[in-house]
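Survey of secondary and tertiary structure
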Amino acid sequence: MKIKQSYTSLCVAFLLFYPIWLPWQFTYITYILIDSYLTIYVIKRTLKSEWYSGVLVLCISMMIMNLYNLLCGILSAGNFILGILFAIFIYDMERIIYIKSKRNCLDEFIHQVNMISIISNIVSSISVFILIENRTVDNFNYYLGDKFSCCYALVLGIILFWADNKIPIKEKNRKKVIIVLLGYSLLYEIIVNCMTAIILTLIIGSCILIPFESIKKGLRSPLLAVTSLICVGSFPLWSSALLSNEKIQFIVTNVMHKNISLSGRMYIYSYINRFLRERQWYGYGYSNNIVEQTLGFGNIQNGLLDIVLSYGVIVAIIFIFIVTIYWKIPNKSDASSFIFWGIMFAMIIISSIEITFSTLIFYFSLFMCRYYSNVNNQSCLKKKVKYF
């Protein structure tokens, strides 16, 4: 069956699987063009009363803090532009997914994004295996970026394949394919030495393969959202006490094959008070390098603290509120919508030791877990979709 390609789907997929090797000049121009197109699409396809969403408050707050840091001379003009575009991308993505859901066309949208995902991950895998000798080089970029970007994109690709109802494959065979893909993902992540991605894949595999329907309702509790975010965000504060336990030390050193400093994270965490002392309310702006400027290497290595360092405490509180709102999956949602919740929850867990809230993959999963439901989108298969 010939599938028409929606420009909006292609734009969203391009942002999710952006080739990092493209020249920065092309990146800026492309981001601005895509941003403009998606914004026009949202404006033309929604009523004025539908322009508002909780995400809009988050995005405006991020832009205001970026502007303030630019005027203070702390944020560069280039990062300011990227920060503005990133905030608008988040808003546009949420509204587009909302529009597709309202029109019962998320199946079509998922299929189109999945096709781009398959192509991008194949090319990315080839680039990784060709350049495999560089796997020990810090921050080495493959087709889709560093090892974290490549691994997260692969996991998202598996989820899109699972949720894509337009792939002509029987349900029992789909699970077999997913098992093979999960195995490949683990092998891929072991080869590039990405422990956080391994944890991500194991959590996603559990959501797909383990039938724990009885506890899924409890997992959707907003209280769990707040608790999880606060716990992982405060991990640097209680990590020393945790790592003083002999059993934890054994797991870190013998199972995860990491040193007890968590690859330098404990040293970075010891400077948190210094980073936040002067700008806890305003942050240092989007994609700031305050940690590298101070210590000569690295970043804050914590998702929620990265938001605080970038935009301040108030924006971090708004972020927690937004995640809490989108956390609860509609009762009619099935396994496919739950799997988007799975990757969102997994990225929250690993945000305790990595920066995961600065990726569009997280926000895409957050919005999909609220709006996507196979039960409510089957009509799209028989319906002609209007394209912009």
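Let me sum up the structure you'll find in this document. Remember, it's a predicted structure, so these values are computed and weren't measured experimentally.

Moving on to the overall build of the chain. When you go through the chain residue by residue, the secondary structure sums to 20 helices and 0 strands. Across the 388 residues in the chain, those meeting the buried criterion constitute 54%. Expressed as a percentage of contacts within the chain between residues at least 6 apart in sequence, the contacts between residues at least 24 apart total 77%. Taken as a whole, the chain presents about 18,000 Å² of accessible surface, with 65% of it coming from carbon and sulfur.

Looking now at the packing of helix α5 (residues 106-130) against helix α7 (residues 171-191). Two numbers describe how α5 lies on α7: the axes approach to 11 Å, and their chain directions differ by 35°. With respect to the hand of their crossing, α5 and α7 are arranged in left-handed fashion. Here α5 contributes Ser124, Ser125, Val128 and Phe129 to the contact with α7, which in turn contributes Tyr184, Tyr188 and Ile191.

Counting through the fold element by element, Asn66 comes out in helix α3 (residues 54-71). Taking relative accessible area as the criterion, Asn66 reaches 0% and is therefore assigned buried. Those residues in contact with Asn66, other than ones at most four positions away along the chain, are Leu75, Phe80, Gly83, Ile84, Gly285, Tyr286 and Tyr311.

For the coordinates displayed, the defined rule picks out 3 salt bridges. The closest approach of N and O atoms between Glu94 and Arg95, which form a salt bridge, is 2.6 Å. Each of the two residues, Glu94 as well as Arg95, counts as buried.

On to the nonpolar core, then. Side chains that are nonpolar tend, in soluble globular proteins, to be buried together. Counting 122 residues, the largest nonpolar core has Leu16, Phe319, Phe340, Phe362 and Phe364 as the members making the most contacts within it. Looking at this core, the element that brings in the most residues is helix α6 (residues 147-163), giving 13 residues.

Right, let's get into the packing of α5 against helix α19 (residues 360-371). Contact pair α5 / α19: the axes reach a minimum separation of 12 Å and the direction vectors enclose 150°. Taken together, α5 and α19 sit at an angle that is classed as roughly antiparallel. The crossing of α5 and α19 is left-handed. Seen from α5, the contacting residues are Leu106, Phe109 and Ile110; seen from α19, they are Phe364, Met368 and Tyr371. The residue inventory of the contact of α5 with α19, partitioned by class, reads 6 nonpolar, no polar and no charged.

The next subject is the packing of aromatic side chains. For the structure shown, the criterion picks out 26 aromatic pairs. Put simply, the rings of Phe86, Tyr98, Tyr286, Phe319, Tyr326, Phe357, Phe362, Tyr363, Phe367 and Tyr371 touch in pairs and so form one group of aromatic residues. Sitting over the ring of Tyr326, Arg370 keeps its end group 4.9 Å from the ring centre.

This next bit is on the environment of Asn79. Inspection of the secondary structure puts Asn79 in helix α4 (residues 77-102). Counting along the chain gives 208 residues from Asn79 to Ser287, while the straight-line C-alpha distance between them is 6.5 Å. Ignoring any residue separated from it by four or fewer positions in sequence, one finds Asn79 in contact with Tyr28, Tyr286 and Ser287.

Basis of the calculations
- Residues numbered from 1 in each chain as written.
- Predicted model: local features only at pLDDT ≥ 70, side-chain atom pairs only at ≥ 80, totals over all residues.
- Heavy atoms only, no water.
- Helix = DSSP H or I, 4+ residues; strand = E, 2+ residues; numbered from the N terminus.
- Buried < 20%, exposed > 50% of the residue type's maximum accessible area, 1.4 Å probe, protein only.
- Contact = heavy atoms within 4.5 Å.
- Areas by Shrake-Rupley, 256 points an atom, 1.4 Å probe, with all protein chains shown as cover.
- Axes fitted to C-alpha atoms, helices over the stretch in contact; angles between N-to-C directions.
- Left-handed = near helix turned anticlockwise from the far one by under 90°.
- Salt bridge = Lys/Arg side-chain N within 4 Å of Asp/Glu carboxyl O.
- Core = buried A, V, L, I, M, F, W, Y, C linked by side-chain atoms within 4.5 Å.
- Parallel < 35°, antiparallel > 145°, perpendicular 65-115°, else oblique.
- Nonpolar A, V, L, I, M, F, W, Y, C, P; charged D, E, K, R; others polar.
- Phe/Tyr/Trp six-rings, centres within 6.5 Å; stacked < 30°, edge-to-face > 60°.
- Lys NZ or Arg CZ within 6 Å of the ring centre and 35° of its normal.

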